[in-house]
Amino acid sequence: MLIGPSCRVLVGPALFIKMRLIGLQLLLLLATFGSPAGSVGQNKTQERSNQLQIGVEELLLFNRHFLDYLVVYSESDEEPSNRDCVDTLQQLANAYLNRECHGLEWFDSWGKAPSGIYYGSSHVFGNYDQCRQFSWRQIRGEHCVFVVSYAKGMFPFVPGLCVPSVCTPRFIHRIYGDYVSGRNATLEIPADPNLRCSHNSGLVFHGAVITATVIFTCIAILLLTSTIYEAVQLVQGRDVDPLYSSFSVYLNLRGILRIVPKLPSKEAESTYVIECLDGIRSLSMIWIIIYHVQDTLPKVPVINRSSRSAFLEGPASTVMLHSGAFAVDTFFVLSGMLVAWNMLKELDKKGRINLFQFYLQRYIRITVPLAVLVLFVTSFAVYVGEGPQWKPSLFKMQDTCSKYWWSTLLHIQNYVNPGNICLLWTWYLSADMQLYLLAPALIYPLWKYGKRFLLVIAGLALLSMSSVFITFTLYDFRKSSAAPNGDGLMNLTYFPTHTRMAVWLWGTIFGYVLYKTKADGIKLSRRSWNIGWVICFACIVVIVCGQYGFNQTDYHDFSEVLDAFYAALHRTVFGICVMWIILACVNGKAGVINDILCAPLWQPLSKLSYTMYLLHSLLIMMASVASVKLEMHFSVMDLFNRIWAAIGITMSVSLLWSAFFELPFVNLSKHFLINRQVSDEVKKI
C-alpha cells in the first residue's frame, strides 16, 4: 500500500513474506525426505538446508531486524557524543516503524539481501546517492559499508547502511557488531573504520594540499602565458622563442599529434629509423591496460560472481591475464636496445658522453610527470570522487605515497620498501632508471673493446637469470597463484632490478648488433628467416600457454625445479622473440607484420606510452572500481566496454598530462643543456 500523499513509498506486506518463507521451508523439507542418497545424502541436504535458512531467511530481514534492535538498544555508559548517535538512530527507527516519510526514505536507502546469494551476490550497497542526500533536522546521511560473515563456506554479506552524521564510524561498527553477534554472525572490524564510511569532512588544507595548490597554480599560469605568447607570435608572423614557448599547450599538443608519413624503404635505411618500434610500443601499452583491467575486475562488486570467476578461470582469460606481464619485458627490451643505440651513436660522433646531461635529461623526463602524479595522489585525488569503495581505494594509496614519496622520486622503491610501493606499477620506472644509471659502465667498454665485451654483458644476463632460479629454489616459490608465496615472490623476484635486468641486458646486446649492421643489414637465407619465424611463434605459444598451465595445474603434481627453470627462462625467451620481430622488420623480412607495426597511426600513441603507463592503473582504479556505487552484472561485453573505456580515458588524460607536465620540462632541459653544450664547444674553438 501507499503511505502518505507526498512520500509515496511502497511497503511490502509482511504476510506475503511469511507465506513465501513457509513455502520455502516446505520445499526444503520435501527435498530432504525425498532424497534417494541414503543417510549421508540426507545429512548433506539437511546441512545445506540449514545454511540456506541462514543465507536467505535471516538475510531477507537481517537489516530490518536491526531497526527493532535499535529501538530497544540501551547502554548507560555512553559518552555524550555517542548518546546523540543512539538517540538519533532510535528516532529514525521509530519513524520507520510508524511509517513516517523521513523514516521510510532513510531505510529505503539501505542495502537489502539480494537474490543469488549462492551465486556469489553478496554486495548490497543500497542507494548511495539517496543516503548522501538524506537530511532530517540538520542531520545528514552518511553511507557505511559492513562485512558480515554469517555462514561457513559462504561469501561474506556486505551491506551498506545509511547512518546519521552524528555517529562516528567506530561507534556505528560497535553497535552493528553487537547486533550481528546476536544473530550468530561475525562482523569484520577494520583497522580504520573511517575508510568504510563516507563521512565528508570537506577539503582539509594540510601540507600536501597547500603544496599542490601552489605548484599547480604556478604551472597553470606558465601554461596560459606561454600559450598566449606563441599564439600572438604566430598571428603576427614573428619567430617564436623556444624558451618562452616551452609551456605552450598548442606547441606540445601539436608535437604529440603530428604524424610523419611512412618513409620509403631506402630512405628509412639511410636515416636509420626503426619505424616498427612505434607499433610495438603502442601495442605493448594496450596489452598492459588490458591486463590491469582484468586484474582489477575481481574488486568490482557484481551480482553474478560465480559467472565472473568461471570466466576468469577459463583458458582465454587466464592466458590473457597472466601473460600481460610480458608487455613490461617488451619495454625492458626496447629500453636496453635504444640506450645502446643512442650511446654508441653519440660515442661515434664525439668520442665521449656528457654523463651530467645524460642522467639529468633522463631524470627530468621520467621524474617530473611522476612527481606531479604523486603530488596529486597525496593531495586532491581523494576529493575528486566518492562511493562505497572510494576511501578504501584512494586513502590507502594516499597514505602510502605520503610516507614513501621520497623513495619513489629517488627511484629506489623496488629495494627500499618493496612491500609499500607508492603507486605499485611504478616499480618499473625505478628498475629502468637504475639500469639507465648502469648503462654507461656497459656501453662505453662495449664501444671501446667491441665484440669482446659482449661476453661480459651476456655473463651478467646469465647471472640475473640464475638469481631468479636460486631465489625460487631457496624459498620454495611456485608460479601457481594458489601457492602460498605471500609477498616474497613479488618482493624478491618481480620488483628487484637484478632479477629483471636479464631482458634489458639482452636488449643492449641486440642494440649493439643492430647498430653495427645498420648499413648492410643481416643477410640470411629465406629458409633461415622462415625457420626463425616458426621458432619465434612456437616459443611465444609455449611460454604463454605455460602461464596457463602453471596456474591451472596443482603445483604439488610437478617438481618445484620446473617452476624455477620456467621463472628464470620465460622472460628472456619472450624478449628474444621481440628482438626477432624487430630484426625481421628492420631487414624487410616481416611482411604484413612490418606494415602493421610501421603504420603512422601508432606515432601519437607511441609518444604517449610513458604517460599512459604512468596514469593508466590509477585511472582504471578511479573510473572502474573506486567510483562504483551499485552492484554490477558481469558479462564479456561489459569487460570489453571496460577495456575500451580504459584505453580511451587513459589516452585522453595522458595527452593532456604529457602536454602539461612532461614536454614543458623536457623542452626546458633540452634548451638549457644543449645551449650550454654548444656554448662550451664554441669556447673551445
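The shown structure was predicted, so the numbers you read here are calculated from the model rather than taken from an experiment.

1. Focus: the sheet that holds strand 7 (residues 158-164)
If you walk across this open sheet you meet the four strands as 3-7-5-4, and the pairing is mixed. Only two strands of the sheet have a single partner each, and these edge strands are strand 3 (123-124) and strand 4 (135-136). Pairing geometry for strand 3 and strand 7, over two bridges, is parallel. Considered in strand 7, the bridge of valine 124 is made with proline 159.

2. Things to note about the pairing of strand 7
Of all seven residues in strand 7, seven are buried; the element is thus mostly enclosed. Burial of the side chains of strand 7 extends over both faces: Val158, Gly160, Cys162 and Pro164 are buried on one face and Pro159, Leu161 and Val163 on the other.

3. Here's the deal with the confidence of the model for the protein
Per-chain confidence: the protein averages 85 in pLDDT, with 87% of residues scoring 70 or above. Low pLDDT, under 50, characterises residues 1-6; the stretch is placed with 11 contacts to residues that sit more than four places away or in other chains. Across residues 8-53 the pLDDT falls below 50, and counting only partners more than four positions away or on other chains, this stretch makes 32 contacts in the model.

4. Looking at the pairing of strand 5 (residues 139-145)
Taken residue by residue, a regular strand's side chains alternate between the two faces of the sheet. The buried fraction of strand 5 amounts to six of the seven residues, a majority that puts the element mostly inside the structure. Judged from the two bridges that link them, strand 4 and strand 5 form a sheet pairing that is antiparallel. What sits directly across from serine 135, in strand 5, is arginine 140. Here strand 4 folds back onto strand 5, and the loop between the two strands holds two residues, one of which, arginine 137, carries a positive phi near 50 degrees. Across five bridges, the pairing between strand 5 and strand 7 is antiparallel. Each bridged residue has a counterpart across the sheet, and for valine 145 the counterpart in strand 7 is glycine 160.

5. Let's talk about the packing of helix 8 (residues 207-235) against helix 15 (residues 355-379)
Viewed as axis vectors pointing N to C, helix 8 and helix 15 meet at an angle of 135 degrees, and their least axial separation amounts to 8 Å. In terms of axis orientation, helix 8 runs oblique to helix 15. The interaxial crossing formed by helix 8 with helix 15 has left-handed handedness. For the pair helix 8 and helix 15, contact is made by Ala208, Val209, Thr211, Ala212, Ile215 and Phe216 and by Val372, Leu375, Phe376, Thr378 and Ser379, respectively. Taken together, the residues of the contact of helix 8 with helix 15 sort by class into eight nonpolar, three polar and no charged.

6. Focus: the packing of aromatic side chains
Scanning the entire structure with this criterion turns up 42 aromatic pairs. Their ring planes at 50 degrees and their centres at 5.0 Å tell us that phenylalanine 107 and tryptophan 110 sit as a pair that is tilted. Exposure remark for tryptophan 110: the relative accessible area of 3% places this residue in the buried category. An aromatic cluster is built from Phe62, Phe66, Tyr69, Tyr73, Tyr96, Trp106, Phe107, Trp110, Phe146, Phe157, Tyr176 and Tyr179, whose rings are joined through pairwise contacts. Taking the ring centre of tyrosine 436 as reference, the NZ or CZ of arginine 362 above it sits at 4.5 Å. Above the ring of tyrosine 515, the side-chain terminus of lysine 518 is found at 3.7 Å from the ring centroid.

7. A word on the state of the cysteines
Tallying each qualifying case throughout the model produces four disulfides. At a sulfur-sulfur separation of 1.9 Å, the disulfide partner of cysteine 85 is cysteine 167. The disulfide joining cysteine 85 to cysteine 167 has a torsion of about 100 degrees about its S-S bond and is therefore right-handed. Taken together, the residues cysteine 85 in helix 4 (residues 80-97) and cysteine 167 in the loop between strand 7 and helix 7 (169-181) connect sequence positions 82 residues apart. You can call cysteine 167 buried: its relative accessible area is 2%. Through a disulfide, cysteine 401 is tied to cysteine 422; the S-S separation comes to 2.0 Å. An S-S torsion of about 90 degrees defines the bridge between cysteine 401 and cysteine 422 as right-handed. Residue cysteine 401 is found in helix 16 (residues 390-409), and its partner cysteine 422 is found in the loop between helix 17 (413-416) and helix 18 (427-449); the two are separated by 21 residues along the sequence.

8. Considering the packing of helix 21 (residues 497-516) against helix 23 (residues 560-586)
Following both chains from N to C, one finds helix 21 and helix 23 inclined at 20 degrees, their axes separated by 9 Å at the closest point. For the element pair helix 21 / helix 23, the angle class is roughly parallel. The crossing of helix 21 and helix 23 is right-handed. Seen from helix 21, the contacting residues are Arg500, Ala502, Val503, Trp506, Gly507, Phe510 and Leu514; seen from helix 23, they are Arg571, Thr572, Gly575, Met579, Ile582, Leu583 and Val586.

9. Focus on the pattern of salt bridges
Under the criterion given, the structure shown has 16 salt bridges. We note a salt bridge from arginine 365 to glutamate 662, for which the minimum N-O separation is 3.3 Å. Of this pair, arginine 365 sits in helix 15 while glutamate 662 sits in helix 27 (residues 636-684); the two residues are 297 residues apart in sequence, bridging distant segments of the chain. Two residues, arginine 642 and aspartate 638, come together in a salt bridge whose shortest N-O distance is 3.0 Å. Separated by four residues within a single helix, arginine 642 and aspartate 638 lie in helix 27, roughly one turn from each other.

10. Describing helix 11 (residues 276-296)
Taking 1.5 Å of rise per residue, 21 residues should cover 30 Å, and helix 11 covers 31 Å from first to last C-alpha, within 8% of that figure. The buried fraction of helix 11 is high, at 18 of 21 residues.

11. What to know about unusual backbone geometry
For glutamine 138, which is not glycine, the phi torsion reads 60 degrees and is therefore positive. Topologically, glutamine 138 is positioned in the loop between strand 4 and strand 5. Although it is not a glycine, histidine 411 adopts a positive phi angle of roughly 60 degrees.

12. Observations regarding a nonpolar patch on the surface
Together, Leu203, Val204, Phe205, Ile210, Val214 and Tyr383 give the surface a local cluster of nonpolar side chains, amounting to about 540 Å² of exposed area. The topology assignment puts tyrosine 383 in the loop between helix 15 and helix 16.

13. Comments concerning the environment of valine 260
Examined against the element boundaries, valine 260 turns out to sit in the loop between helix 9 (249-257) and helix 10 (265-271). Given a relative accessible area of 43%, valine 260 falls into the partly exposed group. Note: C-alpha distance between valine 260 and leucine 601 (341 residues apart in sequence) is 9.3 Å.

14. Looking at the nonpolar core
Ranked by internal contacts, the top residues of the largest apolar core, which has 135 residues, are Cys276, Phe332, Leu423, Trp427, Ile582 and Leu618. When residues in this core are grouped by element, the largest group, 14 residues, is from helix 14 (residues 326-350). If near-sequence neighbours (up to four positions away) are discounted, isoleucine 582 is found in contact with Ile274, Cys276, Leu277, Ile280, Leu334, Met337, Phe510 and Leu514. Ala93, Tyr96, Phe157 and Ile172 belong to the second-largest nonpolar core, a separate cluster that totals 42 residues.

15. Digging into the side chain of threonine 88
Note on placement: threonine 88 falls in helix 4. Within polar-contact distance, the side chain of threonine 88 engages the backbone oxygen of aspartate 84 at 2.8 Å. Ignoring anything within four residues of it in the chain, the contact list for threonine 88 reads Trp136, Ile139, Pro164 and Val166.

16. Brief notes about the environment of lysine 262
Along the chain, lysine 262 turns up in the loop between helix 9 and helix 10. In this structure the C-alpha to C-alpha distance between lysine 262 and cysteine 598, which are 336 residues apart in sequence, comes to 7.3 Å. Once residues within four sequence positions are removed from consideration, lysine 262 is found in contact with Glu275, Asn594, Asp595, Cys598 and Pro600.

Rules used throughout
Residues numbered from 1 in each chain as written. Predicted model: local features only at pLDDT ≥ 70, side-chain atom pairs only at ≥ 80, totals over all residues. Heavy atoms only, no water. Pairing = 2+ DSSP bridges. Helix = DSSP H or I, 4+ residues; strand = E, 2+ residues; numbered from the N terminus. Buried < 20%, exposed > 50% of the residue type's maximum accessible area, 1.4 Å probe, protein only. pLDDT = per-residue confidence, 0-100. Contact = heavy atoms within 4.5 Å. Axes fitted to C-alpha atoms, helices over the stretch in contact; angles between N-to-C directions. Parallel < 35°, antiparallel > 145°, perpendicular 65-115°, else oblique. Left-handed = near helix turned anticlockwise from the far one by under 90°. Nonpolar A, V, L, I, M, F, W, Y, C, P; charged D, E, K, R; others polar. Phe/Tyr/Trp six-rings, centres within 6.5 Å; stacked < 30°, edge-to-face > 60°. Lys NZ or Arg CZ within 6 Å of the ring centre and 35° of its normal. Disulfide = S-S within 2.5 Å. Salt bridge = Lys/Arg side-chain N within 4 Å of Asp/Glu carboxyl O. Expected span 1.5 Å × (residues − 1). Patch = residues over 30% accessible without salt bridge, like charges linked within 9 Å, V, L, I, M, F, W, Y side chains within 5 Å. Areas by Shrake-Rupley, 256 points an atom, 1.4 Å probe, with all protein chains shown as cover. Core = buried A, V, L, I, M, F, W, Y, C linked by side-chain atoms within 4.5 Å. Polar contact = N/O pair within 3.5 Å; in protein donor to acceptor, adjacent residues only side chain to side chain.

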